[in-house]
Amino acid sequence: MAARINNRTPARIAAPIASAVLLIALAGVGTLRPATPSGAADYFLTIAEAIDDTPYRINAYTGRDLTQPPTEAVDMLRPTRVLHRGYRHDGFRDDVRVVIVHCPDVRDMAGHHPPNCYPATGWTTTDRTTLPIAAFGADQTLAVHRFSRRDGGIAKRITVASGFIVPGQDGTMLTTMDQLRDAAENRRRTRLGAAQVQIIIDRDADQEDLRRAAQAFLPALGPVFDRVTEGIE
């Protein structure tokens, strides 16, 4: 009988030890989500309000709300808020669309990053570049992605300029998921989330078209930028 007790005892000990090791490993690779910091709910609410307050009239552009993303996309992103608005300027041949998304967890942003989300809906990347521009009191860089696809035999093109806004990022926007992950290595910052801004022209727009649009719209997004970068004390 004693021998059987001695043989079973290591198994009883090994099970919880193995579970603990697995939990530590999962936490290390980010499978377990860290706790949301105190005060985050109020912080997210003020970000949502700032996004909601994005003006419909920006310089000579007049905006209108467009169809919101599909439910499955919202479920994937788990956003604080999503804004999708079209703006028209009588003096230009293009409409400009503006998308603003804030997610409480930066890891959820991967599904909204242009190199991921547009190809996932049938677009093919035709060009990648960047757009240097001054905004929010600093020199910024926007990522620029151009895409194409055919709908019913009709060729379509689209140009997207985008950037991430992260708490405590010293006034600069980020352009890649790698930069976003590096900025959010601290668990607290991971759970304070990030915002992404997209400025979209529904054609193969050149850099000057993008610069003109960005110079018009980015200043109007100052309250969103300020609230996100402020973070929580």
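Bear in mind the structure is a predicted one, so any value in this text is a computation, not a measurement. (Residues numbered from 1 in each chain as written. Predicted model: local features only at pLDDT ≥ 70, side-chain atom pairs only at ≥ 80, totals over all residues. Heavy atoms only, no water.)

J.: Would you mind going over the packing of aromatic side chains with me for this structure?
T.: Between two aromatic rings, the relevant description is the distance of the centres plus the angle of the planes. Counted by the stated rule, this structure contains 5 aromatic pairs. An angle of 55° between the planes, with centres 4.7 Å apart, marks the rings of Y61 and F217 as tilted. One end of the pair, Y61, is in strand β2 (residues 61–65); the other, F217, is in helix α7 (residues 207–217), and 156 residues separate them in sequence. Grouping aromatic residues by their ring pairs yields a cluster made of Y61, Y87 and F217. When the ring centre of Y56 is taken as reference, the NZ or CZ atom of R85 above it lies at 3.7 Å. (Phe/Tyr/Trp six-rings, centres within 6.5 Å; stacked < 30°, edge-to-face > 60°. Helix = DSSP H or I, 4+ residues; strand = E, 2+ residues; numbered from the N terminus. Lys NZ or Arg CZ within 6 Å of the ring centre and 35° of its normal.)

J.: What's the story with the pattern of salt bridges in this structure? I'm lost.
T.: Pairing of side chains with opposite charge becomes possible as their charged atoms draw close. Here the structure, examined in full by the defined rule, presents 14 salt bridges. For R88, the salt bridge is made with D95, and the minimal N-O distance between the two is 2.9 Å. For R88, a relative accessible area of 51% puts it in the exposed group. Between R146 and D127 there is a salt bridge, with the nearest N and O atoms lying 2.9 Å from each other. In this pair, R146 is assigned in strand β6 (residues 138–151) and D127 in strand β5 (residues 124–135), connecting sequence segments 19 residues apart. Residue D127 is classed as partly exposed on the basis of its relative accessible area of 32%. (Salt bridge = Lys/Arg side-chain N within 4 Å of Asp/Glu carboxyl O. Buried < 20%, exposed > 50% of the residue type's maximum accessible area, 1.4 Å probe, protein only.)

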